[in-house]
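Topology and contacts: notes
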Amino acid sequence: MAQVVLKEINKFYESVHAVKDVNLTIRDKEFMVFVGPSGCGKTTTLRMVAGLEAISSGNILIGEQIVNDLPPMDRDIAMVFQNYALYPHMSVFDNMAFGLKMRKFAKAEIKQRVQKAADILGIEQLLGRKPRQLSGGQRQRVALGRAIVRHPQVFLFDEPLSNLDAKLRVQMRVELKKLHERLGTTAIYVTHDQVEAMTLGDRVVVMKDGWVQQVGQPLELYNAPANKFVAGFIGSPAMNFAVVEVKESAGELWVESSGLRIKVPDRNAAGLGPHAGRQVTVGIRPEDLRIAGSEDPAVNCFDAVVEVVEQLGSEILLDVSVGPGTMVAAVEPTLKTRLHEKLRLAADPDRMHFFDIESEIAI
Amino acid sequence: MAIIAAGTVVGAPPRRRLLEDERWLAMMLLLPTAVLLGLFIAYPFMRGIVLAVTDARVGIAGEFVGLGNFERLASDPIFYQVVWNTVLYTAVTTVFKLALGLWLALLLNRSFRGKAYVRAFILLPFIIPTVLSTFAWKWMFDPTFSVLNWTMYQLSIINRPINWLGDGDLAMLSIIIVNIWRGVPFFAISLLAGLQTISPDLNEAAAIDGAKPLQRFWYITWPLLLPVTMVVVLFSVIQTFADFQIVYVMTGGGPANATHLFATYAYQLGVGTGLLSQGAAISLAMFPILFLIVVVQLLYIRRVEIR
Amino acid sequence: MIEGAIWRRWVFFRIPLFLFILVLLFPFYWMAITSFRPDGELYRPWNAINYNPFWTWKPTLVHVQYLFRETMFTTWLWNTMLIALASTAISLVCGVFAGYALSRLNFRFAGLLGTGIFITYLVPQTLLFIPLSEIIRNYRLGDTPWSLILTYPTFLIPFCTWLMMGYFKAIPRELEECARIDGASRWQAMLYIIVPVAVPGILSAGIFAFTLSWNEFIYALVFLSSPEQKTVPVGVVSELIRGDVFFWGPLMAGALLGSIPVALVYSFFVEHYVSGLTGSVKG
């Protein structure tokens, strides 16, 4: 087991700059998740750690060793692929044993390790089968088993759950988490699903256009997104954004747009002060909006008209229009409402986010 | 786990390292192919050009004569006959092979009992060595003992024997028939594979839209089949243009050069008479024509595929 | 399929299909019946009375016996088999290697080399046989099986490479990437993972190559001269015809028996052959 360090990593494909100046330290035993939309460079970064892609510039260290020019076979890593990449002509046992055979382990040792891994994953009875005789979930387990028999220094996961159906995905997510707690191997996990990132990661790296946007524990990303992209990417349903103007009146700061007028909470006032008279983006998560009650101060409230009602059972998502724009609010499931009804919504003053309109960096 | 880590640090032999580099590995993998194709295609090709500009004969190195061999060809009436024969032979057989092959493919595209067997048997003319099956045809076209003549006589279609291989035009017809017979299976099976990639939903949708069978073929099947058809035709045209075996066995180019093709004429001059350089010149004369056919067809295929 | 009346089935389907099968297979029937028919029945004029050309009540093995006793037919069979197997093996190894390199590895000139191989795929044998015969003589390979074992791959390799490229492209990249991470070198990943997975493709290419070499004629005709070196097609052509005299019985027996090995191989691997054939015309 080892830490993985990425120093000033860049990747160019001819004219495309796919990964830009990535600096990261993945600590020993840490479960690090790379998340971002497709084409953000997360998979390329993972493949550079694996040795499947050459590094254009920078250094990658696994443990204390620079592995830039080391072929994948010598990096002592294991990888689980999105399509599982099970060798179709080999039985499950042989699939799991292949890496050990390549490393010239003794037969008895191979057998014992495969048995143990199969035991952990509950696939003992499948060892004699061929991959095509397995269900999606079983294939997934075999792919995991193939990785863990190796006892590698680092596990790499490339969207391993995205080929499973929704229910199985949740189940495997939990198992992965347990497995990591049990084995404690350093893991790098790539996904485009922010829920997987939030639930699995000890820390999460958010990437976009080849840049690292933010690195942090899941709750840090949720509570204090570094920029508008992270704010919008983390959390479901996505954060509402509105362009507003910062106005100063009678020593108080307000943000205003047509249909929306909210007092800037005290904790944000210092940051927003220099922006007075200019536009900023305000971000409010749907779950931080509620139907205004008597206890809500009027300065946090605004009017909205219901456009769509999405009843989810545990909550209701209201698509509302606020002035010319729209927002989503997650409200109590007991609320009775009709289309085109006019409502008064209140925003949680402690959970409002402000972003510079040009740089999109959090204020 | 420390043990495992140690296991992986064991150094690999340096040769394996070299082959980890994609470029080295690719070079090693391509080496045997490059050597064989270089020695027995590229080099003979150069050698052929060199031969064609000398007056070499078997056993005599020969002197440089420039384009003398080609000039001689240009004044050789047999050569013009050969060009005409080859073009006629290629054009007629290709048209018939395509039409009959397509028809057979459409028949085979239905589901019926024993389809696998029918398909397997139908390919026999294509896999049985051409020279051997052509002998069966030659025997069937025998001037005295022709079973075809016998059958047609019994059916009162003819009242005197047809001298299939003795008359120039009939001989050409004969080799055309044999070539079609041998080529139809190739067309049929390739086109059948193409037909099977066309979703039956399309035809059913068109039928629901009110298209009659012929319209369905013309508006749905044919356009979707066109790319495969073009490639099949390309291969067939090249093979037919350069054909040797059927003519060599059936007529040897006769009677009176009526069925000589490029390859048989080149063989007759180059090997039969020992005029190596002239034979090489005739073979080489095929090259620009074939090259043109390939380029035109490839361009057309590309256009069809883009559409 | 949309079906109409029964008479339509007969007119548009059964009768045409039957005619196709009849015409395509009749020459083989004719070959077989001639092989087992006594000479007295063979050489009857076309308009003789009471003549039944399509069947014989006096089957004989005399032509087959002639073939095996008076000619070197057994030797020709062995030669053909040996040459076909050896050139197929060489072509498969080369084709698998080259196909893998061209479809899976990144290197300069990959596209150029691919095009080069495709072009040689289109070069017919009859274009080069004269200069090639001279080269074969210079290499002192004339009249040996090596002259064919080494030259047949020139038209088999491009085909095998082309077919294998198609197969390799259909195998997910992750398979070999996973193998390389599992500790295999590129070479081992190719050998232990990609090649076994491509076995159906290799079989197809092999069967197709085998039938092509069995069928080859002009190189064998030009490069071989002594009777004991000849292949079946060349032997039948040159040793069973004396001047203008055709020994039709032994000729047809030779044609029949010379076809049987390739037909047998074909019958065991029809599906692979068909996929090889159709793969060969796919881009």
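Rules used in this analysis
Residues numbered from 1 in each chain as written. Chains lettered and ligands numbered in written order. Predicted model: local features only at pLDDT ≥ 70, side-chain atom pairs only at ≥ 80, totals over all residues. Heavy atoms only, no water. Helix = DSSP H or I, 4+ residues; strand = E, 2+ residues; numbered from the N terminus. Rg over C-alpha atoms; globule rule 2.2 N^0.38 Å. Buried < 20%, exposed > 50% of the residue type's maximum accessible area, 1.4 Å probe, protein only. Contact = heavy atoms within 4.5 Å. Areas by Shrake-Rupley, 256 points an atom, 1.4 Å probe, with all protein chains shown as cover. Lys, Arg positive; Asp, Glu negative; His and termini not counted. Charge placed at Lys NZ, Arg CZ, Asp CG, Glu CD. Axes fitted to C-alpha atoms, helices over the stretch in contact; angles between N-to-C directions. Left-handed = near helix turned anticlockwise from the far one by under 90°. Nonpolar A, V, L, I, M, F, W, Y, C, P; charged D, E, K, R; others polar. 1 Å grid on protein atoms, 1.4 Å probe; cavity = no way out; pocket = protein on both sides within 12 Å on 5 of 7 lines; lining within 4 Å. Points joined across faces, edges and corners; volume = space filled by probe spheres on them. Core = buried A, V, L, I, M, F, W, Y, C linked by side-chain atoms within 4.5 Å. Domains from an automatic or database assignment. Pairing = 2+ DSSP bridges.

**Looking at the overall build of chain B**
Across its full length, chain B holds 15 helices and zero strands. Taking 307 residues into account, the globule formula puts the C-alpha radius of gyration at 19 Å, and chain B, at 26 Å, lies well above it. Across the 307 residues in chain B, those meeting the buried criterion constitute 53%. For chain B, the share of sequence-separated contacts (at least 6 apart) that also reach a separation of at least 24 residues comes to 67%. For chain B, the exposed area adds up to about 14,500 Å²; of that, 67% sits on carbon and sulfur atoms. Positive and negative side-chain charges in chain B, numbering 20 and 15 respectively, have mean positions lying 8 Å apart.

**Some remarks on the overall build of chain A**
A count of helical and extended segments in chain A gives nine helices and 20 strands. When its C-alpha atoms are laid out on the principal axes, chain A stretches across 80 × 45 × 35 Å. Considering chain A as a whole, with its 363 residues, one finds that 52% of them fall into the buried category. A fraction of 66% describes how many contacts in chain A between residues 6 or more apart in sequence connect residues 24 or more apart.

**Re the packing of helix H10 (residues 168-196) of chain B against helix H12 (residues 213-241) of chain B**
All names here are of chain B. Two elements in contact, H10 and H12, have axes separated by 10 Å at closest approach and are oriented at 145°. Seen along the crossing, H10 lies across H12 with a hand that is right-handed. Within the contact between the two elements, H10 uses Asn 179, Phe 186, Phe 187, Ser 190, Leu 191, Gly 194 and Leu 195 and H12 uses Thr 221, Leu 225, Val 228, Thr 229, Val 232, Val 233, Phe 235, Ser 236 and Thr 240. A class-by-class count of the residues in the contact of H10 with H12 yields nine nonpolar, seven polar and no charged.

**Here's the deal with empty space enclosed by the protein**
Across all of its chains, the model carries six cavities of 30 Å³ or more by this definition. Elements supplying a minimum of two residues to the lining of the largest cavity: helix H7 (124-127), H10, H12 and helix H13 (245-250) of chain B together with helix H5 (110-121), helix H8 (153-169), helix H11 (199-215) and helix H15 (270-280) of chain C. Grouping the amino acids of the lining of the largest cavity by side-chain chemistry returns 19 nonpolar, 13 polar and four charged. The calculated volume of the second largest cavity comes to roughly 70 Å³. Listed by contribution, the elements that provide at least two residues to the lining of the second largest cavity are helix H4 (136-148), strand E7 (154-158) and helix H5 (166-183) of chain A. Broken down by element, the residue count for the lining of the second largest cavity peaks at four residues, all from H5(A).

**Digging into the environment of Val243(A)**
Residues and elements named next belong to chain A. Relative to the assigned elements, Val 243 resides in strand E11 (residues 240-249). Taking the C-alpha atoms as reference, Val 243 lies 59 Å from Gln 125; in sequence the two are 118 residues apart. Apart from the residues lying within four places of it in its own chain, the contact partners of Val 243 are Ser 257, Gln 279, Val 280 and Ile 357.

**Quick notes on the nonpolar core**
Phe135(B) and Tyr219(C) are the most contacted members of the largest nonpolar core, which has 229 residues in total. Among the elements that make up this core, the one with the highest residue count is H10(B) (14 residues). For this core, the domains that each give at least three residues are domain 1 (1-60) and domain 2 (62-282) of chain C. Not counting the four nearest positions on each side in its chain, Phe135(B) is found in contact with Val249(B), Val236(C), Val237(C), Ile241(C), Phe246(C), Trp248(C), Leu251(C) and Met252(C).

**Remarks on the pairing of E7(A)**
Regular strands place their side chains on alternate faces of the sheet. Residue and element names in this part refer to chain A. A large share of E7 lies buried, amounting to five of its five residues. Side chains Val 154, Leu 156 and Asp 158 project from E7 onto one buried face, and the interleaved Phe 155 and Phe 157 project onto a second face that is buried too. With four bridges joining them, strand E6 (residues 77-80) and E7 adopt parallel strand pairing. Pairing of Ala 78 across the sheet is with Phe 155, part of E7. By the bridge criterion, five bridges tie E7 to strand E8 (residues 186-191) in an arrangement that is parallel. Looking at the pairing, Phe 155 lines up with Ala 187 of E8.

**Some points on the side chain of Thr231(C)**
Residue and element names in this part refer to chain C. Inspection of the secondary structure puts Thr 231 in the loop between helix H12 (218-223) and helix H13 (232-239). Relative accessible area serves as the criterion here: at 3%, Thr 231 is assigned to the buried category. Every residue in contact with Thr 231, bar those within four places of it in the chain, is listed here: Trp 76, Thr 80, Ile 83, Leu 148, Ala 220 and Leu 224.

**Here we look at the sheet that holds strand E16 (residues 301-311) of chain A**
Residues and elements named next belong to chain A. Taken in spatial order, the five strands line up as E15-E19-E16-E17-E18 in an open sheet, and their pairing is antiparallel. Each edge of the open sheet carries a strand with a single partner, namely strand E15 (289-291) and strand E18 (325-331). The sheet shows a mean angle of 50° between the axes of neighbouring strands, direction not considered.

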